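Listed below, chain by chain, are the residues.
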Amino acid sequence: MIRKFSILLAGTAVGLTAAACETAATDEPDGVARFADDPRLGERADRICFTSQIDGFGQATDRTIVVEAGVNEHYLIETFGYCPNLDWAQSIRFDAFSSCLTRGDSLIPYETLFASDYSGLAAPRACLISSIHEWNPDAGG
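How each quantity is defined
- Going along each chain's sequence as written, the residues are numbered from 1 onward.
- Only residues with pLDDT of 70 or above have their local features reported here, since the model is predicted, and side-chain atom pairs are shown and tallied only from 80 upward, although totals for entire chains, interfaces and linings are computed over all residues.
- Values reported for side chains reflect all heavy atoms of the structure, with hydrogen atoms and water molecules removed beforehand.
- pLDDT: the predictor's confidence for each residue, scored from 0 to 100.
- Contacts between residues were defined by any pair of non-hydrogen atoms, one from each residue, lying within 4.5 Å.
- For this text, the term disulfide refers to a pair of cysteine sulfurs within 2.5 Å.
- Secondary structure elements are defined from DSSP: runs of H or I of at least 4 residues count as helices, runs of E of at least 2 residues count as strands, and each element is numbered from the N terminus.
- Note on exposure labels: buried denotes an accessible area under 20% of the residue type's maximum, exposed denotes more than 50%, and partly exposed covers the range between, all computed with a 1.4 Å probe on protein chains only.

**A closer look at the confidence of the model for the protein chain**
Part 1 of the argument: Here the protein chain shows a mean pLDDT of 79. Residues at 70 or above account for 74%.
Part 2 of the argument: Here residues 1-7 is a poorly scored stretch, pLDDT under 50, and it has 22 contacts once near neighbours within four places are set aside; other chains count.
Part 3 of the argument: In this model, residues 11-25 is a region of pLDDT below 50 whose contacts with residues beyond four sequence positions or in other chains number 27 contacts.

Here it is, written out as C-alpha cells:
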C-alpha cells in the first residue's frame, strides 16, 4: 500500500529572496532552461529527502521555485508546464508518495499563508514536478 505524504510550507522565504515581477518574452526559455548559464544551477538531483526539512522557499517563476531544505541545502524545483499561482505563492504544499520528494510528485501553491484559507475560492491546482536540481545561492548570478 502506498501512503501519500503531505507537508505545508508557509512562505517565510528563509534565506531566500522573492523573484521580481517580470514579463516573459515569447522567445525567452522556460523552466530550468531559463537558468542554463546561471552559476547557481547545479546537478540534477533524484530526490529531496526528508521533505519535512524543507523550511523556506523563494525565487518563484510560473514553472520553477527554489526551496531550502535543512541547513544550507537549496534546490530548484521545475514543474511540467505552467503552474498557476506559483510565482505568487505565500505557502506551498508537497504531495509525495514517501518522505522524499521526487519527479512525478506534486506541489500545490497557495496565495494565502494558510493553505486551507480559500475564502470560498476554488482550490489551487496541483503541479507535477518534472525535475529537481541542486541550487547554490552563493555562486552569484
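What follows continues from the structure just given.
**Some remarks on the state of the cysteines**
Part 1 of the argument: On inspection of all chains with the given rule, the structure shows two disulfides.
Part 2 of the argument: One disulfide in the model links Cys49 with Cys100; its S-S distance is 1.7 Å. Between Cys49 and Cys100 the sulfur-sulfur dihedral comes to about 105 degrees; the bridge is accordingly right-handed. Linking Cys49 in strand β3 (residues 47-49) with Cys100 in strand β8 (residues 100-102), this pair joins segments that are 51 residues apart in sequence.
Part 3 of the argument: Classification of Cys49 by relative accessible area gives partly exposed; the value is 31%.
Part 4 of the argument: Residue class for Cys100 comes out buried when judged on its relative accessible area of 12%.
Part 5 of the argument: With a sulfur-sulfur separation of 2.0 Å, Cys83 is cross-linked through a disulfide to Cys127. Handedness of the Cys83-Cys127 disulfide follows from its S-S torsion of about 90 degrees: it is right-handed. Residue Cys83 is found in the loop between β6 (74-79) and β7 (91-96), and its partner Cys127 is found in strand β10 (residues 127-135); the two are separated by 44 residues along the sequence. Across this residue pair, the class does not change: Cys83 and Cys127 are buried.

**Description of unusual backbone geometry**
Part 1 of the argument: Positive phi, normally seen in glycine, also occurs at Gln59, with a value near 50 degrees.
Part 2 of the argument: Its place among the elements puts Gln59 in the loop between β4 (54-58) and β5 (64-69).
Part 3 of the argument: Here the phi dihedral of Asn72 falls at roughly 60 degrees; this positive angle occurs in a residue that is not glycine.
Part 4 of the argument: Within the fold, Asn72 resides in the loop between β5 and β6.

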